[in-house]
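These are the residues of each chain, in order.
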Amino acid sequence: MQKICFGNRSREGGQRLAKIMSVKDTARRHVNNPLHIFYRLFTQRPAEVDQPSCKTTRTNATSRSTRDRIAVLRSLLRESQLALRRKTKIVNQKLKVVVGKLNCYFFLVFPGCDKYKHESGLIAFRPDSSSSPIAASVPISHPIRRSRRLCTLNSIRPSSALRDHRAMASIAFINGTVVLPDRLIDNGMVCTIDSKITYAGQCAEIPDDAEIIDANGGMLSPGFIDLHVHGGAGADFMDGTPEAVITACAAHLRHGTTTIFPTTTTGSEHQIMNTIDACGTAKQRLSQQISGVANIAGVHLYGPYFAEDKVGCHSENGRRSPVAAEFHRYFDTGLIRIATCAAELPGADEFYDMGRQHKCLITCGHSNSTWSEMQRAFDAGMRHVDHFWCAMSSVPSIRQRCNVPMQGSMAEFVLMSADMSTEVIADGWHLAPELLEFAFRMKGPERLCLVTDCNRAMDMPAGEYRFGCPTDGTMFRSDGKVGWAPNGSLASSIMGMDHMVRHMKRSTSANLAQVIRMASLTPAERTGIAHETGSLEAGKRADILVMDEDLNVVSVFVGGKKISG
Ligand SMILES: [Zn+2]
Ligand SMILES: [Zn+2]
């Protein structure tokens, strides 16, 4: 029998736990396990410590002052780096915290057993409270995580994550390249419990109650996030019904977009309010578990505050300058997360101020603004420009507007300001490869987002469609590749985010991790949701794509639930 004990502050609890957690005879194998040695060190029974190796000898030092213990623990943790690397990076970080505040905590340290080869663990608790563990390196598969009886110990109240483990669905995504924001991990693994990611890294032992999803040598990627999208599968968000919103979201989900910002265009106050309300209702239905639809993170209030000379393919009738009474109603819904307004319009300052109060990503789009107007907008909180090179000012367009001396435009302002981000429509029709490469090199993967700017013609046959509202939106023609306005200019894209990712990868020097970042973590960071989604990281929502080697979406998971593929 092998003992599992607490640190010195809770010997009694440890003995009780030892009874519960007794495991078979593996003492020999684990005698050199640094954590096991550490446990022995802390139980202050040096006589029991075996001495088959120099490591053990070191722990057998006679001094037992706290400072010495910390020093020994540090060296043990250094030595155990290899063992710990099999667990998550987070664990290592937490262990650092533990080492730094050793005095404050006591530890539950236990070795592995035959069934869970080589696995050992450590949980740290505050001794003076019965609160949740403050750090844990317990492998998910270890019996301690399964033991409900752990809850009965007086001194420990495990966090709900430990307590409810059995009731939760666990998935292990294996045999794929894990795409992290800064690198790829070949032969990686992603584990989830319920709606959260618990592990992303090198292939490790698979939790034995986990459902296995085999990526077949393909990619394991975070779900995409689309900041700027008007519709799909025949539906435009401006149709103003929850059904249309859900149809468009579901279509984009099949293309890998797990977080979406439905985007308004020009229209009457009533039409825009309808769209915002419909998004609110759709979002609510989703939270009541209507599956098959992307997560609506919030509405992108894009139209109607466009500049008169930069309306593009949108309906001119529905364009206007911002009116406080009107946009207060929009913001009051609490659903607006991205707020666009052309910087040169009267009332823009107040609009930006409102956007800042609601913690929105504030953007300038469909604008012919000058450098000084951009600077003023920046001071008011504007940090992003919609679809770079499309419907925005340039030095020649400013010269037309303001004559000489020639002035800087939105383009120069974005390129020169490190804090400004922007987005590209990388469908292959809006921008040539050199412009995509230029935008990537100038702004880098942390300030450039991929967006679809997709209209209702995605996944629909070629033909005539209406952009925006079904009654008075402008007409455009889809040729099955892109939308065309009657005057021969482009009328936004008809492609999903998977297409943008493939095209960006093919057409630029950005590596795969960078391309995926621009479609996931970067938009998440810019909109303030990176703490919950946007990358494969323990603790974030399990929004995961399985893609083949050519970056075609094979299956889509939102919050740990498979909803496409
Ligand atoms: Zn636009
Ligand atoms: Zn658009």
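Values in this document were obtained by computation on a predicted structure and should not be read as measured data. (Residues numbered from 1 in each chain as written. Chains lettered and ligands numbered in written order. Predicted model: local features only at pLDDT ≥ 70, side-chain atom pairs only at ≥ 80, totals over all residues.)

**Student:** Explain the overall build of the chain to me, please; I cannot follow it from the model alone.
**Tutor:** Secondary structure assignment for the chain yields 20 helices and 27 strands. Split into buried and exposed, the 565 residues of the chain put 53% on the buried side. (Helix = DSSP H or I, 4+ residues; strand = E, 2+ residues; numbered from the N terminus. Buried ≥ 20, exposed ≤ 12 C-beta atoms within 10 Å, placed from the backbone.)

**Student:** How do you make sense of the packing of helix α10 (residues 242-254) against helix α11 (residues 269-287) when you look at a structure like this?
**Tutor:** Between two packed helices, both the angle of their axes relative to each other and the distance between the axes serve to describe the pair. The interhelical angle for the contact between α10 and α11, taken along N-to-C directions, is 65°, at an axis separation of 8 Å. Crossing hand, α10 versus α11: right-handed. Residues P242, A244, V245, I246 and C249 of α10 form the contact with α11, whose own contacting residues are A278, C279, T281, A282 and R285. (Axes fitted to C-alpha atoms, helices over the stretch in contact; angles between N-to-C directions. Left-handed = near helix turned anticlockwise from the far one by under 90°. Contact = placed C-beta atoms within 7 Å.)

**Student:** Help me understand the environment of L301 in this model?
**Tutor:** Mapped onto the elements, L301 comes out in strand β15 (residues 299-301). Separated by 36 residues in sequence, L301 and T265 place their C-alpha atoms 7.7 Å apart. When residues no more than four places from it in sequence are discounted, the contact partners of L301 are T264, Y330, I336, I338, A339 and T340.

**Student:** Help me out: how do you make sense of the packing of helix α12 (residues 324-332) against helix α13 (residues 348-357) in this one?
**Tutor:** Contact geometry of α12 with α13 gives a least axis separation of 11 Å together with a crossing angle of 15°. On the basis of the axis angle, α12 is roughly parallel to α13. Where α12 crosses over α13, the two elements pack in a sense that is right-handed. Facing A324, F327, H328 and F331 of α12, the residues of α13 in contact are E350, F351 and M354. (Parallel < 35°, antiparallel > 145°, perpendicular 65-115°, else oblique.)

**Student:** Before we go on, may I ask you to explain the sheet that holds strand β19 (residues 421-425) in this structure?
**Tutor:** Read from one edge to the other, the open sheet built from 6 strands follows the order β15-β16-β17-β18-β19-β20, with strand pairing classed as parallel. The open sheet has two edge strands, β15 and β20 (448-451), and neither has a second partner. In this structure, β15 lies alongside strand β16 (residues 336-340), joined through 3 bridges in parallel fashion. Looking at the pairing, H300 lines up with I338 of β16. (Pairing = 2+ DSSP bridges.)

**Student:** Help me understand the sheet that holds strand β13 (residues 257-262) in this model?
**Tutor:** Strands in a sheet are paired, the pairing made by backbone hydrogen bonds, and the direction either parallel or antiparallel. Here 3 strands make up an open sheet; going across it, the order is β10-β13-β14 and the pairing parallel. Because the sheet does not close on itself, it has two edges, and the strands there are β10 (224-229) and β14 (295-296). Sheet analysis places β10 next to β13, joined by 4 bridges and oriented parallel. Bridged to D226 within β13 is I260. Lying over the sheet, α10 contacts β10, β13 and β14, oriented at roughly 140° with respect to β13.

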